[in-house]
Amino acid sequence: MPDFQFNMDDLAATFSMGVISTPSQVTSPPRKQNVTSLLDITRANNVAIMLSRFRKGYSVIRDALLDLDSSQLSIDDLKMISKHLPTIEEITRIKEFGDVSRLAKADQYFSEIMTIPRLPQRLECMTFRLRFELDVNEIRPELKTVHDACRELQSSGRFKATLQAILAVGNALNGSTFHGGARGFRLETLLKMKETKTTKRGPDCPTLLHYMARVLIRTDPKLTLFIEELPSVQAAARVSFHYVTQSVHSVVLSYRKAQEEVLFVKTLSNPLPNDKLVEVMEPFLSEISERVKALEQLSDTVASSLRSLYAYYGEPYDTTESLKPEDFFSTICSFSLSLQKAAIDVHNSLAKPTIAAPPSQSPIAAQEAKDKKSSSSEDTQKLPRGMVQNHQRTIARGEVDEIIRTLREGTFNKRVRNNLPQAHMIFVDGRKNG
């Protein structure tokens, strides 16, 4: 066997991985002091995040809760505190631990506020006190708007006349059927008129709605602007009456809960010496008592007005088929907008001149036409100046143009919220087809 020559030192230097230190030879880095938390890790993190937004000491938060200090705690602050309250189990664990300073921030915060009795009820009182003016100032105008809209719809002469004209035309159309002779119709029918096509379907009168607009213009052009007598209806269409009544109920309920909490704290045998709940809430509740009662009465009055309005127009109230109040008002607004557009279309079609070649006339026929024109002119001269004869009434010259101008420049251009539920296909008398 050949004698291989190699250097052991060179071999070691080439392939050695170095000296591997044993665990005892490794110097451990200094460990951070462990922080103990008695809370679930996710819950502790959420509470810590909330506390970072406050930028207040835990004792400051506790004192603000005892003092009902709105300068220290806003409505949003109270909401956050309400979402992160210590449970009975967590309170027990913190009490049994002993040295609270060794606990995490969330635990230390809980140890401060858990000594306040009935903290959830206290937070409700504080929130109610801060929100009361905001809620009342939002609720009262909306209730008044709905109430005014009910009154206007029951007193509007133009709207009643418009509905009477629609009923008359509908009965004339259905006179030979069992749908004729109707005494009324559902309001949702108003939105179906523009879908009912005429037989001719000409540009001057393509739908039943256009025909009605023509009838109203000939009768009284102002009827196409019946919405002028309903100034509150459009605003009422944007009010959710169900939400408003819920808000009123919430205010009344919070008021009564606050009264109960004041009475409870007053009966405590060992109240906290610096607790100011009774001192702050008792005069506040006494001050707003009449306003809460008036708000509740106003809500009841508006509900009664709505029932009366629905009965007045033959609409069901508080049933599965009932329109919501906001949809009731929105139906009328949408119909008004459609009627105004149809009136403009009718006026534009009538205003277009018809150019045709005059037929050849014999001298005798020409003379008869001249005599007829002269006779018509004499009849017109018998009317007061500035007036033209109509089939049903005397209309001031230019009145129609003035109404159309108003339609184009005023009410017609106002956008009305239209989120109505799908209506049934029904006849003008309101009964379902088939």
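Below, the structure is looked at part by part.

Each value, and the rule that gives it
Residues numbered from 1 in each chain as written. Predicted model: local features only at pLDDT ≥ 70, side-chain atom pairs only at ≥ 80, totals over all residues. Heavy atoms only, no water. Core = buried A, V, L, I, M, F, W, Y, C linked by side-chain atoms within 4.5 Å. Buried < 20%, exposed > 50% of the residue type's maximum accessible area, 1.4 Å probe, protein only. Helix = DSSP H or I, 4+ residues; strand = E, 2+ residues; numbered from the N terminus. Phe/Tyr/Trp six-rings, centres within 6.5 Å; stacked < 30°, edge-to-face > 60°. Expected span 1.5 Å × (residues − 1). Salt bridge = Lys/Arg side-chain N within 4 Å of Asp/Glu carboxyl O. Axes fitted to C-alpha atoms, helices over the stretch in contact; angles between N-to-C directions. Parallel < 35°, antiparallel > 145°, perpendicular 65-115°, else oblique. Left-handed = near helix turned anticlockwise from the far one by under 90°. Contact = heavy atoms within 4.5 Å. Nonpolar A, V, L, I, M, F, W, Y, C, P; charged D, E, K, R; others polar.

This next bit is on the nonpolar core. Judged by nonpolar contacts, the single largest core of 100 residues is most densely connected at Leu-65, Leu-153, Phe-328 and Phe-329. Per-element tally for this core: the top contributor is helix H12 (residues 277–312), with 15 residues.

On inspection of all chains with the given rule, the structure shows 13 aromatic pairs. With a centroid separation of 5.8 Å and an interplanar angle of 40°, the aromatic rings of Tyr-109 and Phe-110 are classed as tilted. Look at Tyr-109 and you get buried, because its relative accessible area is 0%. Ring centres of Tyr-312 and Tyr-313 lie 5.0 Å apart, and the angle between their planes is 75°; this geometry places the pair in the edge-to-face category.

With 26 residues, helix H11 (residues 241–266) should reach 38 Å at 1.5 Å per residue; the first-to-last C-alpha distance of 38 Å fits that figure. Within the span of H11, buried status applies to Phe-241, Val-244, Ser-247, Val-248, Val-251, Val-252, Tyr-255, Ala-258, Glu-261, Val-262 and Val-265.

This paragraph deals with the pattern of salt bridges. Any two side chains of opposite charge can pair, so long as their charged atoms come close to each other. Here the structure, examined in full by the defined rule, presents 14 salt bridges. A salt bridge links Arg-158 to Glu-228, with the nearest nitrogen and oxygen atoms 3.0 Å apart. Within this pair, whereas Arg-158 is found in helix H8 (residues 157–173), its partner Glu-228 is found in the loop between helix H9 (208–219) and helix H10 (233–236), the two being separated by 70 residues in sequence. Since its relative accessible area comes to 42%, Glu-228 is described here as partly exposed. A salt bridge links Glu-195 to Lys-192; the shortest N-O distance between them is 3.4 Å. Relative accessible area serves as the criterion here: at 43%, Glu-195 is assigned to the partly exposed category. In this structure Lys-192 comes out as buried when scored by relative accessible area, which is 10%.

As a further point, take the packing of H8 against H9. Across the interface, H8 lies against H9 with an axial gap of 11 Å and an inter-helix angle of 120°. Between H8 and H9, the interaxial angle falls into the category oblique. Relative to H9, the crossing made by H8 is right-handed. In this structure, H8 uses Thr-162, Ala-165, Ile-166, Val-169 and Leu-173 to contact H9, whose residues at the interface are Leu-208, Tyr-211, Met-212 and Leu-216. Taken together, the residues of the contact of H8 with H9 sort by class into eight nonpolar, one polar and no charged.

Once that is clear, we can look at the environment of Ser-250. With respect to the helices and strands, Ser-250 occurs in helix H11. Residue class for Ser-250 comes out partly exposed when judged on its relative accessible area of 38%. Note: C-alpha distance between Ser-250 and Asp-135 (115 residues apart in sequence) is 9.8 Å.

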